[in-house]
Amino acid sequence: MRRLLALAGCALAATLAIACESIIGVDYSDKHLATCQHAEPPGPPGGGDTGSAVSFTSVVYTIDWGDDSDSAGNPRALTIGYDDDDRCTSLLDAPACEPASWTAATMVDGPGGIDNGVGMLLYDQGTYFGLKPFTSSFLTESTQSGQQAPPGIIRVTGYSGYAIDAQVTVEWFVPVAPGVKPKWDGTDSWPILNGTADPTSGGGIVSHFIDRSAFVTNYHLVAHLPVGAPVVISDVPFKTVSMIVTADLVLPAAGQWQLQNGIAAGVGLQSELFDELGALTASFAGTSDAGIPNAICRNETALYAKIKTWLCSHADVLRGSGPACDASSFGMGFTARPGRVGAIAPAAPPVMYCMPGDDPAGDTCATPPPH
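Residues numbered from 1 in each chain as written. Predicted model: local features only at pLDDT ≥ 70, side-chain atom pairs only at ≥ 80, totals over all residues. Heavy atoms only, no water.

Enquirer: Got a sec to walk through the pairing of strand β2 (residues 153-159)? Specific residues and values, please.
Expert: Among the seven residues of β2, five are classified as buried, and the element is accordingly described as predominantly covered. Two elements, strand β1 (residues 54-64) and β2, share five bridges in a ladder whose sense is antiparallel. Each residue of the ladder has a partner; that of Val59, found in β2, is Ile153. When β2 meets strand β3 (residues 165-173), the two strands line up antiparallel, connected through five bridges. Paired with Arg155 across the two strands is Glu171, which belongs to β3. Hairpin connection, β2 to β3: the antiparallel pair is bridged by five residues, and Gly161 has positive phi, about 90°. (Buried < 20%, exposed > 50% of the residue type's maximum accessible area, 1.4 Å probe, protein only. Helix = DSSP H or I, 4+ residues; strand = E, 2+ residues; numbered from the N terminus. Pairing = 2+ DSSP bridges.)

Right, dumping it as structure tokens:
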């Protein structure tokens, strides 16, 4: 009878996302405890390559990290993205890892096992700091005004224009802020971050991040980008270790193909967040009267401890030897508008955001911050 009651408790816990392994004394490891319809992009079409007459370029125009709540008060971040680890922890699958134990944090998937650690990171800003400097609306407005660079630019070539195409080429370009307000009518030429693309003999440029085996299924584009493809957040490019880009292909009456209902999802290492933390914090804090970046560094002990706890509490993927998670999933919704890939921007001089010894770069979640 006690075991039956425990099993009944597990059924209730499936709704509350509470692990039951300890209740009934069974280690389920990576076995699924409930049926889960994993959130995945569509697979390739059954047919072959249907032609290559269409080429177009789309620039990310709206950004949605799901950093607000839905009508029921739940984080929308957990509805944006894909299942990165083939687990549904909201349905009692055992997680592959947990955030570092000193954080006392637990990450739970969204429906279909959707993983979006970065979306939840942004959603929880208010809880940790009492304010939310990085929001989807702020990032969208900054992008549309030209004050900040879009998260990425997508160039599609070799597309037939039909509902299915088993092979198209997708390039992901890393833009920099244009410095002027874009028109967003397809005539804008966007500068590209130095070191992320190469010039061609024909006078154009080619990205370092290409999927030549992308495909279209029912007018839905699916591309798997190579390791290292960066996503730009508040003018700071964050390298990823995996990224999928999907979107609906739409041909408006104006005749220029566009991407709608887009998702960029994947995984980035926690070490990358620490490496770019100085640049990220300086991106909204600006510079002092002396021209020194107002970055948050390790010597600001109390604030840095909050930031480190915030970052490490949202690690939900294991890419190293563990046992704690050392990477974060991400899922960003987007729409895009026509644009042009411009020239490669001149190399920017290096910036020292923090004094030696105070730079967050190189920090990890393996140890708690000093108090």
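The structure having been displayed, the exposition proceeds.
Enquirer: Requested: an account of the sheet that holds strand β7 (residues 210-217), with residues and values cited.
Expert: Spatial strand order, β1-β2-β3-β7-β8-β11-β12-β13: eight strands in a closed barrel with antiparallel pairing. Adjacent strand axes in the sheet meet at a mean angle of 30° when their direction is disregarded. Pairing of β3 with β7 involves four bridges; the strand directions are antiparallel. When the sheet's bridge partners are listed, Asp165 is paired in β7 with Val216. (Axes fitted to C-alpha atoms, helices over the stretch in contact; angles between N-to-C directions.)

Enquirer: An account of the state of the cysteines is requested, with residue identities and associated values reported.
Expert: In total, this model carries four disulfides according to the counting rule given. Disulfide partner of Cys312: Cys365, at an S-S distance of 2.1 Å. Judged by the sign of its S-S torsion, about -90°, the cystine formed by Cys312 and Cys365 is left-handed. In this pair, Cys312 is assigned in helix α8 (residues 301-312) and Cys365 in the segment after β14 (340-344), connecting sequence segments 53 residues apart. In this pair, the class of Cys312 matches that of Cys365, namely buried. Counting only the cysteines that form disulfides, in the order they appear in the protein chain, gives the pairing 1-2, 3-6, 4-7, 5-8. (Disulfide = S-S within 2.5 Å.)

Enquirer: Lay out the confidence of the model for the protein chain in plain terms, naming residues and giving numbers.
Expert: Averaged over all residues, the pLDDT of the protein chain equals 89, while 88% of them reach at least 70. Here residues 1-30 scores under 50 on pLDDT; set against residues more than four positions off or in separate chains, the count is 28 contacts. (pLDDT = per-residue confidence, 0-100. Contact = heavy atoms within 4.5 Å.)

Enquirer: Explain helix α5 (residues 136-145) to me, and be specific about the residues and the numbers.
Expert: Along α5, the positions that sit buried rather than exposed are Ser136, Leu139, Thr140, Ser142 and Thr143. Buried positions in α5, seen along its axis, are confined to an arc of 165° and lie on one side of it. At its buried positions, α5 is contacted by β1 and β9 (230-233). Note on α5: the residue one or two positions beyond its end, Gly146, has a positive phi of about 90°. (Arc of directions from axis to C-beta.)

Enquirer: Could you give an account of the layout of surface pockets, with specific residues and numbers?
Expert: By volume, the largest pocket amounts to about 520 Å³. Lining the largest pocket are 23 residues, with Leu193, Asp235, Pro237, Ala348 and Tyr353 sitting closest to its centre. At the level of secondary structure, the elements contributing two or more residues to the lining of the largest pocket comprise β10 (236-239) and α7 (277-285). The residue makeup of the lining of the largest pocket, split by class, is 17 nonpolar, four polar and two charged. (1 Å grid on protein atoms, 1.4 Å probe; cavity = no way out; pocket = protein on both sides within 12 Å on 5 of 7 lines; lining within 4 Å. Points joined across faces, edges and corners; volume = space filled by probe spheres on them. Nonpolar A, V, L, I, M, F, W, Y, C, P; charged D, E, K, R; others polar.)

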